Amino acid sequence: MKEKIYHDKYVQYYDYFQQGVRGDVGFYLSHFKNFRGSVLEIGAGTGRITTPLMKAGINVTALDSSADMLAILKKKAKPLGISPRMIHADMRTMRIAQKFDAVIVTFRAFQHLYTARDQLAALHSIRKHLKPRGVLIFDVYAPSIKYMAEGTWKWFGADKKILPGTKRKVVVDLRNRYDFGNQIMYQEYRFTYPNGKRDILPLRMRFFFRFEVGHLLHRTGFSIIKLLGDFKGHPYKHGSPEMIWICRPSITMPKMSGLI
Ligand SMILES: C[S@@+](CC[C@H](N)C(=O)[O-])C[C@H]1O[C@@H](n2cnc3c(N)ncnc32)[C@H](O)[C@@H]1O
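Everything quoted here is computed from the prediction, not taken from an experiment.

Participant: Explanation requested: the overall build of the chain in the structure shown.
Facilitator: The helix and strand tally for the chain stands at seven helices and eleven strands. Whereas a compact globule of 260 residues would reach a radius of gyration of roughly 18 Å, the chain reaches 18 Å, a difference of no more than 12%. Here the C-alpha coordinates of the chain stretch approximately 60 × 45 × 35 Å along the principal axes. Out of the 260 residues in the chain, the part that is buried amounts to 52%.

This is how it looks when you write it as structure tokens:
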């Protein structure tokens, strides 16, 4: 199932209601400072992270499964004087005739892989596109029991956004509920337009627990270098808001057929 929010007319709103995780742009900029290698950014979307990295001279290839999100990136890149290489592909099945020095899966794009089969397929495919001494970095949110308990399917967070270049005020609010059996967060974003019309956009995210991700990584041939709990660089611990995984390929590359 396609997540509607990343397609069609809705992509024009993405940059105005998604700010990412605090500090993520700065983290990637400092991690790749003076990095001369190639970086594959998976789930690059409209280029919230791609564009500052490229402006800093980092060689980024932007991959996304939504052509509509990439179209916004293309539009934004021109006035910035950058021309990112863009690949419209799915991280589970991508085939690129290049191996990269780094792969980053930004702003929780990994959480759009809902089953173990999809997660293993994506990690396996990332592993195939990484050089032997390459690095994989990705983030997923750390589940907060307190926040989840508030997932009562009630609308909250009404946020008024004025779209640049227009006088259109769009009110965006959202609601959450959690399916613990399948570790899925269901979210709906509601857009209310000045004429009172509404659009409701469902979005699902898989939530992960720490050791589950560790097992997925080991099974697909990655060694964990660091697990951070926020983009300031603190180690992951109880109460950390995020899990930022920094890994390298281990010596053996398991066969996908043996994984499921
Ligand atoms: C939360 S957005 C992140 C966009 C951008 N990285 C940012 O920081 O704003 C997640 C992105 O992942 C993309 N995505 C979801 N599933 C994907 C998949 N299987 N393969 C590649 N991209 C995927 C979506 O189309 C969307 O653009």
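Participant: Hey, could you run me through the domain arrangement of the chain in this one?
Facilitator: Interfaces are often described in size by the accessible area the parts lose on coming together. Once the domains are mapped, the chain shows domain 1 (4-141 + 208-258) and domain 2 (145-206). Taking the mean C-alpha position of each, domain 1 and domain 2 sit 24 Å from one another. Area buried by domain 1 at its contact with domain 2 is led by Tyr-13, Tyr-16 and Tyr-114, which between them contribute 33% of it. In this structure, the connection of domain 1 to domain 2 is made through one salt bridge. A salt bridge links Glu-212 to Arg-206, with the shortest nitrogen-to-oxygen separation between them at 3.0 Å. Here domain 1 is connected to domain 2 by seven residue pairs in polar contact (both at pLDDT 80 or more). Sorting elements by how many residues they give to the side of domain 1 that touches domain 2 places helix α1 (residues 11-17) first, with four residues.

Participant: It is not clear to me how the sheet that holds strand β6 (residues 156-162) should be interpreted in this structure. Could you clarify?
Facilitator: Strand pairing within a sheet occurs via backbone hydrogen bonds; the two strands may be parallel or antiparallel. Here we have four strands laid out as an open sheet, ordered β6-β7-β8-β9, and antiparallel in their pairing. Whereas interior strands pair on both sides, the edge strands pair on one side only; in this sheet they are β6 and β9 (198-206). With strand direction ignored, the average angle separating the axes of adjacent strands in the sheet is 25°. The pairing of β6 with strand β7 (residues 169-179) spans five bridges and is antiparallel.

Participant: Explain the pattern of salt bridges to me, please; I cannot follow it from the model alone.
Facilitator: Pairing is possible between side chains that carry opposite charge, provided their charged atoms lie close to one another. One pass over the full model with this rule turns up eleven salt bridges. Among the ionic pairs, Arg-92 bridges to Asp-90, the shortest N-O distance being 2.6 Å. The shortest N-O distance in the salt bridge between Glu-188 and Arg-175 comes to 2.9 Å. Pair noted here: Glu-188 is in strand β8 (residues 184-192) and Arg-175 is in strand β7, with a separation of 13 residues, a long-range link. Each member of the pair, Glu-188 together with Arg-175, is buried. Connected through salt bridges with shared partners, the residues Asp-90, Arg-92 and Asp-118 form a single ionic network.

Reading guide: rules and limits
- Residues numbered from 1 in each chain as written.
- Predicted model: local features only at pLDDT ≥ 70, side-chain atom pairs only at ≥ 80, totals over all residues.
- Heavy atoms only, no water.
- Helix = DSSP H or I, 4+ residues; strand = E, 2+ residues; numbered from the N terminus.
- Rg over C-alpha atoms; globule rule 2.2 N^0.38 Å.
- Buried < 20%, exposed > 50% of the residue type's maximum accessible area, 1.4 Å probe, protein only.
- Domains from an automatic or database assignment.
- Buried area = accessible area lost by both parts, 1.4 Å probe.
- Salt bridge = Lys/Arg side-chain N within 4 Å of Asp/Glu carboxyl O.
- Polar contact = N/O pair within 3.5 Å; in protein donor to acceptor, adjacent residues only side chain to side chain.
- Pairing = 2+ DSSP bridges.
- Axes fitted to C-alpha atoms, helices over the stretch in contact; angles between N-to-C directions.

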